[in-house]
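# Reading the structure
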Amino acid sequence: MTAGLLLAAGAGRRYGRPKALVELAGEPLVRRGVRLLNAGGCAPVHVVLGAGADEVPDLPGAVTVRHDHWSEGLGSSLRRGVASLPPDVPAAVVVLVDQPSLSPVAIRRVRAAHTRGAVIAVATYAGRPGHPVLLSRETWPLLDDYAIGDRGARDLLRARPDLVVEVPCDDAGSPVDVDTPAHLPSA
């Protein structure tokens, strides 16, 4: 069992509203992220919500996790998300709500790397790390030191390359962020 963790708590300052609520082809990005994790074989799927949480539609196939301190940044959302997972979950695949072009194939690839023994598995695109990122439970306590402010697991990946397995995903979607309305892909 590998959990899915969708980080969707931010206010979307550059976008002008919470990106969880932004729609692509009539579907809120938060629902699209849940669907992505489910299609990639993750269970359970937890969604960390903060800004705009009261406006988020029902999320079938997911557990919503309210994060009242979302304004502390991405790092606090990541820590809140892993803390919400059941104790029998050995690993979590982390994705961001503002990356709607990720693929279930990339999710399955990082999960497969974990099955083969990876402690941390990170999708790469053109040799650069991106999402999804799989974090084994034994790494979660390290997030207290590395997932700070608007930094998620990036500093952990840099500090502990001995734990990281890179998983090429050039042919499995795109990790491009939707930071402004102009970045939203066409359906």
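Our subject is the structure that appears above.
So, here is what we can say about the structure in this document. (Residues numbered from 1 in each chain as written. Predicted model: local features only at pLDDT ≥ 70, side-chain atom pairs only at ≥ 80, totals over all residues. Heavy atoms only, no water.)

### Brief notes about the overall build of the protein chain
Each helix and strand counted, the protein chain has 5 helices and 9 strands in total. Computed over its C-alpha atoms, the radius of gyration of the protein chain comes to 15 Å, within 12% of the 16 Å expected for a compact globule of 187 residues. Dimensions along the principal axes, computed over C-alpha positions, put the protein chain at roughly 40 × 35 × 30 Å. When each of the 187 residues of the protein chain is scored for burial, the buried share is 51%. (Helix = DSSP H or I, 4+ residues; strand = E, 2+ residues; numbered from the N terminus. Rg over C-alpha atoms; globule rule 2.2 N^0.38 Å. Buried < 20%, exposed > 50% of the residue type's maximum accessible area, 1.4 Å probe, protein only.)

### A short note on the environment of Ala113
Structurally, Ala113 is set in helix H3 (residues 104–115). Linking Ala113 and Val167, residues 54 residues apart in sequence, is a C-alpha distance of 7.5 Å. Here Ala113 is in contact with Ala118, Ala121, Val165 and Val167, once residues within four sequence places are set aside. (Contact = heavy atoms within 4.5 Å.)

### Concerning the side chain of His67
One can find His67 in the loop between strand E5 (63–66) and helix H2 (74–84). For His67, the residues in contact, after removing those within four places along its chain, are Val48, Leu49, Gly50, Ser76, Ser77 and Arg80.

### Remarks on the pairing of strand E1 (residues 3–8)
Every other side chain in a regular strand lies on the same face of the sheet, so the side chains alternate between the two faces. Most of E1 is tucked away, with 6 of its 6 residues classed as buried. Side-chain alternation along E1 places Ala3, Leu5 and Leu7 on one buried face and Gly4, Leu6 and Ala8 on a second face that is also buried. Across 5 bridges, E1 lies against strand E6 (residues 91–96) in parallel orientation. From the neighbouring strand, Leu6 faces E6, where its bridge partner is Val95. As judged from the 5 bridges shared by E1 and strand E4 (residues 45–49), these two strands associate in the parallel manner. Along E4, the bridge assignment pairs Leu6 with Val47. (Pairing = 2+ DSSP bridges.)

Spatial relationships are all this shows, so hold off on functional conclusions.
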